[in-house]
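These are the residues of each chain, in order.
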Amino acid sequence: MTAAVGARSALRAGLIALLVLLVEWARALMAQQPGLTVAALALGGAALTAFALGWPPERLGLGTSKFGLRLLGGLALGAVLLLPAAVRPGVAPLLPAGLAWAAIAVSIGEELAFRGALYAALDDLGGAPLAIIGSTSLWTAAHVLSHPTQFLGAVAAAGLLLALWRWACKDLVAPVIGHAIADLAL
Amino acid sequence: MKRAAALAIAVIAYSLAAWMVAPGFYDGFGPPQPYNFTCPPPQAGANIKPSSGHADIPVRVGVSEADSAFTDDGQLVMGFLPGAFVVGGKTTITVEIKPLDTCPQPAGLRLVTNAYHVTASAALNPSKPANLVLRYSNLEPDPAEIYQASDPGGPWTALPSQPGQPFTIVTKQGTATFGYFAAGYKSSSPPPGSVTVGGGQILPILVAVLIVVVVLAGLPLAIMRRRQSGDRED
């Protein structure tokens, strides 16, 4: 009985991991086609958001208790994510205004998929360590096609920070807000 | 306490990792294809050398046909109207586009694209200027104008320009002569598209505001929580 439940959890986690990875890679490849950048971001964001369907909000870290603190945490995470770019001398490229809403869609979708559904599925399978390490690894792999290689360290570190927040505060609201702020700025 | 320590370590690890690659946090939104730089910025990653271009434009009954010349990577496109060239008895006009091996940075200007040398076997007809489109990278600030020079050392003259498709800039009235072309902005003014608040970039101010909000709002919340837990203990 326990083995059957374990196998089902493993199958669910594996399936979510595979599908999330495929969606992210498809989004990255589609965004490279002329004129399809915004559509790729919007469709990718919508597809990633779909991974949250069927999960109780609390399991995704989307509870409403201590909402003020969650909002504040989001602002703090946004500040941390942007701090290296803000203090760096020289001009940081700002996100073109036309991509803003699509960037928000992707931020929400990525958080719901990686730190929401995938984290919850891995947590069920192997507890918090597997959820943190697994979601961070998948998050990094998902950005292989959209990022130059030398950015992947920073991507992994950002994923680890957001996953640790999810674990430490049992909260996904702050990662969503922080991620969206960072994406809107850069 | 253990969780707070883990978060603190993650913040430090992220700050170090993001500091090693400019601009830091970057989520991969950008132009449809990477820009091929002559002088890539550190954050450009694997870079391919920019391509050159060549076009043979037919001349029919003493009039050159409408055509365009472009680099193989599409980073520079020059469009010609019918009769754009002073043909002088030629049956074909050849146009060559070559990216410079160096990156001129003239005083007072900041060129954000490669510089290209465009030559042709015939001069342009001044009444039919050629249209010029330059693509640029999202890793650099948006350019304000396309600049032209007869020598890479300058002087560089602005051609009235406007934004085209995303990450492209286009001349408004075209150019009546060949030479060296690049896009950029006056270095004395902030790059176009950047929002300036209080004389600087918005990003440091945004981060400062976020920190102030977190501290100002966090203190009362922390005090309230402490009072609540104190009441419970009483």
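The structure we're discussing is the one just above.
Residues numbered from 1 in each chain as written. Chains lettered and ligands numbered in written order. Predicted model: local features only at pLDDT ≥ 70, side-chain atom pairs only at ≥ 80, totals over all residues. Heavy atoms only, no water.

Draft legend 1. The arrangement of helix α1 (residues 2-19) of chain B in detail. All names here are of chain B. Over its 18 residues, α1 extends 26 Å from the first C-alpha to the last, a length consistent with the 26 Å expected when each residue adds 1.5 Å. Looking only at α1, the buried set comprises L7, A10, Y14, A17 and A18. Projection of α1 onto a plane perpendicular to its axis shows the buried side chains occupying an angular sector of 95 degrees, all on one side. With respect to the buried face of α1, the exposed residues turned more than 90 degrees away are K2, I9, I12 and L16. (Helix = DSSP H or I, 4+ residues; strand = E, 2+ residues; numbered from the N terminus. Expected span 1.5 Å × (residues − 1). Buried < 20%, exposed > 50% of the residue type's maximum accessible area, 1.4 Å probe, protein only. Arc of directions from axis to C-beta.)

Draft legend 2. Representation of the packing of helix α3 (residues 67-87) of chain A against α1(B) within the structure. For the pair α3(A) and α1(B), the least separation of the axes is 9 Å and the interaxial angle reads 35 degrees. Of the two elements, α3(A) crosses α1(B), and the hand of that crossing is right-handed. Each of A:V80, A:L81, A:P84 and A:V87 in α3(A) lies in contact with α1(B), whose residues at this interface are B:V11, B:Y14, B:S15, B:A18 and B:W19. Broken down by class, the residue content of the contact of α3(A) with α1(B) amounts to 8 nonpolar, 1 polar and no charged. (Axes fitted to C-alpha atoms, helices over the stretch in contact; angles between N-to-C directions. Left-handed = near helix turned anticlockwise from the far one by under 90°. Contact = heavy atoms within 4.5 Å. Nonpolar A, V, L, I, M, F, W, Y, C, P; charged D, E, K, R; others polar.)

Draft legend 3. Inspection of the pairing of strand β8 (residues 131-135) of chain B at higher detail. As defined by bridge partners, strand β4 (residues 76-80) of chain B adjoins β8(B) across 4 bridges and the pair is classed as antiparallel. Within β8(B), the position partnered with B:L76 by the bridge is B:L134. (Pairing = 2+ DSSP bridges.)

Draft legend 4. Spotlight on the pattern of salt bridges. This structure, assessed with the given rule, holds 7 salt bridges over all chains. Among the salt bridges present, the one from A:E111 reaches A:R115, with a minimum N-O distance of 2.6 Å. Highlighted residues: A:E111 and A:R115, both in helix α4 (residues 100-142), separated by 4 residues, approximately one helical turn. Exposure class is identical for A:E111 and A:R115. Each is buried. Among the salt bridges present, the one from B:R60 reaches B:E65, with a minimum N-O distance of 2.7 Å. Judged by relative accessible area, B:E65 falls into the partly exposed class, the value being 28%. Within this structure, A:R12, A:R59 and A:D124 form a network of salt bridges that share partners. (Salt bridge = Lys/Arg side-chain N within 4 Å of Asp/Glu carboxyl O.)

Draft legend 5. Geometry of the state of the cysteines. All names here are of chain B. Following the criterion strictly, the structure yields 1 disulfide over all chains and no others. Put simply, C39 and C103 are joined by a disulfide, and their sulfur atoms are 1.9 Å apart. The chirality of the disulfide connecting C39 with C103 is right-handed, given an S-S dihedral of about 105 degrees. Here the residue C39 occupies a position in the loop between α1 and β1 (53-60), and C103 occupies one in the loop between β5 (92-99) and β6 (109-111), the gap between them amounting to 64 residues. Look at C103 and you get partly exposed, because its relative accessible area is 30%. (Disulfide = S-S within 2.5 Å.)

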